[in-house]
Amino acid sequence: MKLRKVLAIAMASMMVFGLTACGGNDAAPAEAPAEEAAPAEEEAAPVEEETPADDAADATEAATEDAEAAADAAGAGGNIGVCIYKFDDAFMTTYRNALQEILEGKGYTVTFMDGKNDQAEQNNQINNFIAQKVDALIINPVMTSAADQIIATVKDAGVPTVLINREPTADQMSAYDKLVYVGCDARQSGTMQGELILDTPNKGDINGDGKVSYIMIQGDPENVDAQYRTEFSVKALTDAGIEVEELDLQRGDWDRNKGQEIAQNDLAKFGDDIEVIFCNNDDMAIGALQAIQAAGRKVNEDIYLVGVDALDAALNEVAAGNMTGTVLNDAQGQAEGAVQAMEDLLGGKTYAAGEQSIYVDYVKVTPDNVSDFQ
Ligand code: GAL
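Residues numbered from 1 in each chain as written. Predicted model: local features only at pLDDT ≥ 70, side-chain atom pairs only at ≥ 80, totals over all residues. Heavy atoms only, no water.

### Some thoughts on the side chain of aspartate 114
Where we set the bar: Runs of H or I in DSSP of at least four residues are treated as helices and runs of E of at least two as strands, each being numbered from the N terminus. N or O atoms closer than or at 3.5 Å make up a polar contact, with two conditions inside protein: a donor-capable atom paired with an acceptor-capable one, and, for residues adjacent in sequence, both atoms drawn from side chains.
As for its placement among the helices and strands, aspartate 114 is situated in strand S3 (residues 109-114). Among the polar contacts listed, one links the side chain of aspartate 114 to the backbone nitrogen of phenylalanine 87, at a separation of 3.0 Å. In this structure the side chain of aspartate 114 is engaged in a polar contact, spanning 2.8 Å, whose partner is the backbone nitrogen of lysine 116.

Here it is in structure tokens:
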């Protein structure tokens, strides 16, 4: 845990370069000092103006100082409203705790609201925050399909807003230039899950029948993380020329109990035919592991199991050989990035269309490197 924190802090200090603006323009500055806050059109710097790699260290230092200056100018100590889609989500609890520590550590007054997985409830919470005249909002939408409405509301009120964890489309975000998304590119985590299987001695084909037979336990399919992880985990196998067979795909809504139930039923139905269990997140993988153990199966011997998030419980199971691997969903790095983006907005930065997604990298976690994250 300690080392993980140290890593996270080290990553945070490299944030300027760890965060990548999407839209194929890595040249877009991650920071803009308050006094130099460029109008939206000027933010979309052409690729040829990209900062050379050898200036990176200087640029990082300058950008960090600029962000700090911007935060001071904007009056750190302001009121921040944070909306979480639901408190009862293992990963978002880690993320929420990280946000709280960072924001309070910087002297902000922060209020967290539990959306209880209900978009109408969250809409009320956003309206209340606006009525209370918060200085900025950080919102983890309940439904990405509600993004248009959320964005219209915060735009109307002129509140700088950082969206987290559930990514709307670039088109939706382009409606408001004081809005930015900080998160991860879920395609990367799916690909890494597939690579974890490709890295096993038999590339996932435990019974040697020439194909990898798997079940997919999906998160909430309304969410791009669930869609992309489902697609790209399998794509990594097929891109490597591996034949695959999907025995089952079911939504487990990111929930441990549902992961356990789905795995239990599928293990009873398909038995030894299941060679791989892909779970869109760790909480469902921990549930699936309970079912695997109850069925007398042994991970890494007669079945493979992968998740995403690198929850503490999953790291312990990877270390113990009870999960094949997981993928770090960097809550600390994303929280740091969200606060930094919020301070940039408070400092006057605006975001051009197509430049409003800022990504933190995922990291593959295997028994070989798991101790770095514990
Ligand atoms: C994902 C995470 C899941 C769940 C979900 C909520 O990024 O891996 O565990 O928290 O976000 O949207």
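Picking up where we left off.
### Some words on the packing of aromatic side chains
Rule in force here: Here the aromatic set is Phe, Tyr and Trp, taking the six-membered ring for Trp, and pairing holds for ring centres within 6.5 Å; pairs whose planes are under 30 degrees apart are stacked, those over 60 apart are edge-to-face, and all others are tilted. Accessible area is worked out with a 1.4 Å probe on protein chains only. A residue is then buried under 20% of its type maximum, exposed over 50%, and partly exposed in between. Lysine and arginine charges are scored as sitting over a ring when NZ or CZ, respectively, is within 6 Å of the ring centre and within 35 degrees of the ring normal.
A full pass over the atoms with the stated rule returns three aromatic pairs. Ring plane angle 75° and centroid distance 6.0 Å describe the contact between phenylalanine 91 and tyrosine 95, whose orientation is recorded as edge-to-face. Of this pair, phenylalanine 91 and tyrosine 95 both sit in helix H5 (residues 90-105), four residues apart, which is roughly one turn of that helix. The class of phenylalanine 91 is buried, set by a relative accessible area of 6%. A residue is classified by how much of its surface remains accessible, and tyrosine 95, at 0% relative accessible area, is buried. The interplanar angle of 75° and the centroid separation of 5.6 Å between the aromatic rings of tyrosine 214 and phenylalanine 278 together place this pair among those described as edge-to-face. Residue tyrosine 214 is located in strand S7 (residues 212-218), and its partner phenylalanine 278 is located in strand S9 (residues 276-279); the two are separated by 64 residues in the primary sequence. Grouping residues by exposure puts tyrosine 214 and phenylalanine 278 together as buried. The ring of tyrosine 85 has arginine 166 lying over it, and the distance from NZ or CZ to the ring centre is 3.7 Å. When the ring centre of tyrosine 228 is taken as origin, the NZ or CZ atom of arginine 187, which lies over that ring, is 4.8 Å away.

### Here's the deal with the side chain of asparagine 223
Quick note on the threshold: Every residue pair with non-hydrogen atoms within 4.5 Å of one another is taken to be in contact.
With respect to the helices, strands and loops of the structure, asparagine 223 is situated in the loop between S7 and helix H10 (224-239). Dropping the residues within four chain positions of it, asparagine 223 is found in contact with Asn165, Arg166 and Trp254.

### Points about the site of the ligand
To keep it simple, the criterion reads: It suffices for a single heavy atom of a residue to lie within 4 Å of a molecule or strand for the residue to be listed as near it. Bear in mind that the domain bounds are from an automatic or database domain assignment.
In the vicinity of the ligand, the contacting residues are Tyr85, Asp89, Phe91, Asn165, Arg166, Asn223, Asp225, Arg229, Trp254, Asn281, Asp309 and Asn329. Within the side chain of asparagine 165, a nitrogen or oxygen atom sits 2.7 Å from an oxygen atom of the ligand. The side chain of asparagine 329 places a nitrogen or oxygen atom 3.2 Å from an oxygen atom of the ligand. There are two domains that each give the shell around the ligand at least three residues, and those are domain 1 (75-183 + 332-360) and domain 2 (187-329).

### Re the sheet that holds strand S10 (residues 304-306)
Our working rule: Strands qualify as paired when DSSP identifies two bridges or more between them. Between N-to-C directions, angles cover 0 to 180 degrees, with each direction set by a line fitted to C-alpha atoms, over the stretch in contact for helices.
Read across the open sheet, the four strands follow the order S8-S7-S9-S10; overall the sheet is parallel. Strands at the two margins of the open sheet, each flanked by one partner only, are strand S8 (244-251) and S10. Direction aside, the axes of adjacent strands within the sheet are offset by 15° on average. Of the pairings in the sheet, the one linking S9 to S10 comprises three bridges and is parallel in character. In the sheet register, phenylalanine 278 faces S10, and the bridge partner there is valine 306. The sheet contacts of helix H9 (residues 186-198) involve S9 and S10, and relative to S9 the element is tilted by about 160°. Where H10 meets the sheet, it contacts S7, S8 and S9, and its direction lies at approximately 170° from that of S7.

### Some thoughts on empty space enclosed by the protein
Threshold: Buriedness of a pocket was judged along seven lines, with at least five required to meet protein on both sides within 12 Å; pockets are open sets of points on a 1 Å grid over the protein atoms alone, cavities are sets where a 1.4 Å probe fits but cannot get out, and lining residues have an atom within 4 Å of a point. Grid points are joined across faces, edges and corners, and a volume is the space filled by probe spheres set on the points. Residues were grouped as follows: Ala, Val, Leu, Ile, Met, Phe, Trp, Tyr, Cys and Pro as nonpolar; Asp, Glu, Lys and Arg as charged; and all remaining residues, including Gly, as polar.
For the structure on display, the rule yields two cavities of 30 Å³ or more. If you go around the largest cavity, you meet 13 residues; those closest to its centre are Asp89, Phe91, Asn165, Asp225 and Trp254. At the level of secondary structure, the elements contributing two or more residues to the lining of the largest cavity comprise H5 and H10. Among the domains, domain 1 (75-183 + 332-360) and domain 2 (187-329) are the pair contributing at least three residues each to the lining of the largest cavity. In this model, the second largest cavity occupies a volume close to 40 Å³. If you go around the second largest cavity, the residues you meet are Asn165, Tyr181, Gly183, Cys184, Asp225, Asn329, Gln334 and Tyr362. Its residues assigned to classes, the lining of the second largest cavity comprises three nonpolar, four polar and one charged.

### Quick look at the nonpolar core
Applicable threshold: Take the buried Ala, Val, Leu, Ile, Met, Phe, Trp, Tyr and Cys residues and link them wherever side-chain atoms come within 4.5 Å; each set so joined is a nonpolar core.
The biggest cluster of nonpolar side chains holds 62 residues, and the ones touching the most others in it are Leu99, Leu103, Val162, Ile277 and Leu305. Setting aside its immediate chain neighbours within four residues, leucine 99 contacts Val82, Phe112, Ile138, Ile164, Ala335, Ala338 and Val339. Within the second largest apolar cluster, 20 residues are counted, among which are Cys184, Ala186, Ile197 and Met216.

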